[in-house]
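# Observations on the model geometry
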Amino acid sequence: MALRPAMVNIKALDPSAIGRFWAEALGWTAYSPGVTTYVGPSGGLVWPDPVAVGIDFVPVPEPKTTTKNRVHLDLATTSAVHHAELVARLDALGATRAHVGQGDVPWTVLADPEGNEFCVLEPREIYRDTGPIAAVVVDCADPRAMAGFWDAAMDWTLHEVTDDHAVLRSAKGVGPYLEFLRTPGVKAVPDRVHLDLLPYPGDDKAAEVDRLRALGATDLDLGQGDVPWTCLVDPEGHEFCVLAPS
């Protein structure tokens, strides 16, 4: 049994508008098959995508608070010129500069039009083949503990783990990385951004959820009622969902 990240889930006041922003930002396409807006590689909606981790924008009535998201996206660039061009294009699309205590760093910290922080990284060799999203980054208190849980929860490969940083990636060596960074502070508000995991065809979703509970996940009641997915939190309280195979 195994789980894989199917998409990044982002709560949004206007899923259609913010979906268009991210589609333009990533060079992907916004698809609206229902009440949500899904952003994934162009060429037709394929879900789950075999390589990329798409983004699903889900409508909610509450705007983002001023608290920094504890999950964010890092975007990859291939050269200094590409970095400058991408930042300029994002500015024109409606991104704004964000200040999260980063100091003097070689990457650029921005916020999308609804205030979700993200980074445009300077060129790094490790991200040369990830596609436009270099990494999904999670702030945490204990990267080693998070690596232990998420390595067991998913079928991705653990590449690096230290006291300050843990890195996982698809065992196929494609798509973005999942990174856990030791970060001061504690989770104070519900996550605006979270991962949705998906069982493989033929696997038992209920058995997968039970396995996650045994690893240290706990159930989360958001008032979701009778839905086909299961809401959980990891041992540090980050929300995530296990979707039902389609």
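A few points on the structure. Because the structure is predicted, anything quoted here is derived from the model rather than measured.

### Overview of the pattern of salt bridges
Under the criterion given, the structure shown has 12 salt bridges. Among the ionic pairs, Asp 91 bridges to Arg 97, the shortest N-O distance being 2.9 Å. With a relative accessible area of 31%, Asp 91 lands in the partly exposed category. The class for Arg 97 is partly exposed, based on a relative accessible area of 48%. With a closest N to O distance of 2.9 Å, Asp 219 and Arg 213 form a salt bridge. Overall, Asp 219 belongs to the partly exposed group, its relative accessible area being 47%. For Arg 213, a relative accessible area of 35% corresponds to the partly exposed category. Linked through salt bridges whose partners overlap, the residues forming this network are Asp 210, Arg 213 and Asp 219.

### A short note on the packing of helix α1 (residues 15-26) against helix α2 (residues 80-93)
At a minimum axis distance of 10 Å, the contact between α1 and α2 shows a crossing angle of 160°. Here α2 runs roughly antiparallel to α1, going by the angle between their axes. Where α1 crosses over α2, the handedness of that crossing is right-handed. From α1, Phe 21, Glu 24 and Ala 25 reach across to α2, where they touch Leu 86, Arg 89, Leu 90 and Leu 93. Its residues assigned to classes, the contact of α1 with α2 shows 5 nonpolar, no polar and 2 charged.

### Re the sheet that holds strand β2 (residues 29-31)
Pairing is mixed in the open sheet, where 8 strands are placed in the order β2-β3-β4-β1-β13-β16-β15-β14. Looking along the sheet, the strands with just one partner apiece sit at the ends: β2 and β14 (218-219). Relative to strand β3 (residues 37-40), β2 is paired through 3 bridges, and the arrangement is antiparallel. Across the sheet, the residue bridging to Ala 30 is Val 39, located in β3.

Conventions and cut-offs
Residues numbered from 1 in each chain as written. Predicted model: local features only at pLDDT ≥ 70, side-chain atom pairs only at ≥ 80, totals over all residues. Heavy atoms only, no water. Salt bridge = Lys/Arg side-chain N within 4 Å of Asp/Glu carboxyl O. Buried < 20%, exposed > 50% of the residue type's maximum accessible area, 1.4 Å probe, protein only. Axes fitted to C-alpha atoms, helices over the stretch in contact; angles between N-to-C directions. Helix = DSSP H or I, 4+ residues; strand = E, 2+ residues; numbered from the N terminus. Parallel < 35°, antiparallel > 145°, perpendicular 65-115°, else oblique. Left-handed = near helix turned anticlockwise from the far one by under 90°. Contact = heavy atoms within 4.5 Å. Nonpolar A, V, L, I, M, F, W, Y, C, P; charged D, E, K, R; others polar. Pairing = 2+ DSSP bridges.

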